[in-house]
Amino acid sequence: QVQLVESGGGLVQAGGSLRLSCVASGRTFSSYVMGWFRQAPGKEREFVARITWSGGRTYYADSVKGRFTISRENAENTVYLQMNSLKPEDTAVYYCAASPTGGSDNRLYDYWGQGTQVTVSA
């Protein structure tokens, strides 16, 4: 069982930066692929980024590639999402999730945080 708690969301102007954090409870954090997803009002939840258990491989949605960076610190049971050059279209609730297998499909993720709101003003 893994419990996830996100933090770091907020209101920022376009072009600004935010760093999201997700702290996991449970002794098996390091065995999970960790992902970030987001959901804007009226839209489906979409994949943003994921990182393998070792942190050796990362994957990004085309819409955030080059602007967002996912990282993890297994010793601290924490995964991060550094978001730079933010755009109004990045506005959404951002969710942290854990999967035993990984992938971009949210159905592959067994555990989810409660979400943190990111709002980017024009």
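Residues numbered from 1 in each chain as written. Predicted model: local features only at pLDDT ≥ 70, side-chain atom pairs only at ≥ 80, totals over all residues. Heavy atoms only, no water.

## Things to note about the sheet that holds strand 7 (residues 68–73)
The strand order across the open sheet built from 4 strands is 1-3-8-7, with neighbouring strands paired in antiparallel fashion. Edge positions in the open sheet fall to strand 1 (3–7) and strand 7, since each of these has one partner strand only. Between one strand axis and the next, the sheet turns through 15 degrees on average, direction left out of account. Where strand 3 (residues 18–25) and strand 8 (residues 78–83) come together, 6 bridges link them in antiparallel fashion. Within the sheet, the bridge partner assigned to Ser21 lies in strand 8 and is Tyr80. (Pairing = 2+ DSSP bridges. Helix = DSSP H or I, 4+ residues; strand = E, 2+ residues; numbered from the N terminus. Axes fitted to C-alpha atoms, helices over the stretch in contact; angles between N-to-C directions.)

## A few points about the nonpolar core
Judged by nonpolar contacts, the single largest core of 36 residues is most densely connected at Leu4, Met34, Trp36, Leu81, Met83 and Tyr94. No other element matches strand 9 (residues 92–99), which puts 5 residues into this core. (Core = buried A, V, L, I, M, F, W, Y, C linked by side-chain atoms within 4.5 Å. Buried < 20%, exposed > 50% of the residue type's maximum accessible area, 1.4 Å probe, protein only.)

## Remarks on the pairing of strand 11 (residues 116–121)
Side-chain alternation along strand 11 places Thr116, Val118 and Val120 on a buried face and Gln117, Thr119 and Ser121 on a face that remains uncovered. The sheet contact formed by strand 2 (residues 10–13) and strand 11 spans 4 bridges and is parallel. The residue of strand 11 that forms the bridge with Leu11 is Thr119.

## A few points about the pairing of strand 4 (residues 33–39)
Extensive coverage of strand 4 is indicated by the burial of 6 of its 7 residues. In the sheet, strand 4 pairs with strand 9 via 7 bridges, with the strands oriented antiparallel. Along strand 9, the bridge assignment pairs Gly35 with Ala97. Pairing of strand 4 with strand 5 (residues 46–51), which is carried by 5 bridges, proceeds in the antiparallel orientation. Considered in strand 5, the bridge of Trp36 is made with Ala49. Between strand 4 and strand 5, which pair antiparallel one after the other, the connecting turn spans 6 residues, and Gly42 there sits at a positive phi close to 75 degrees.

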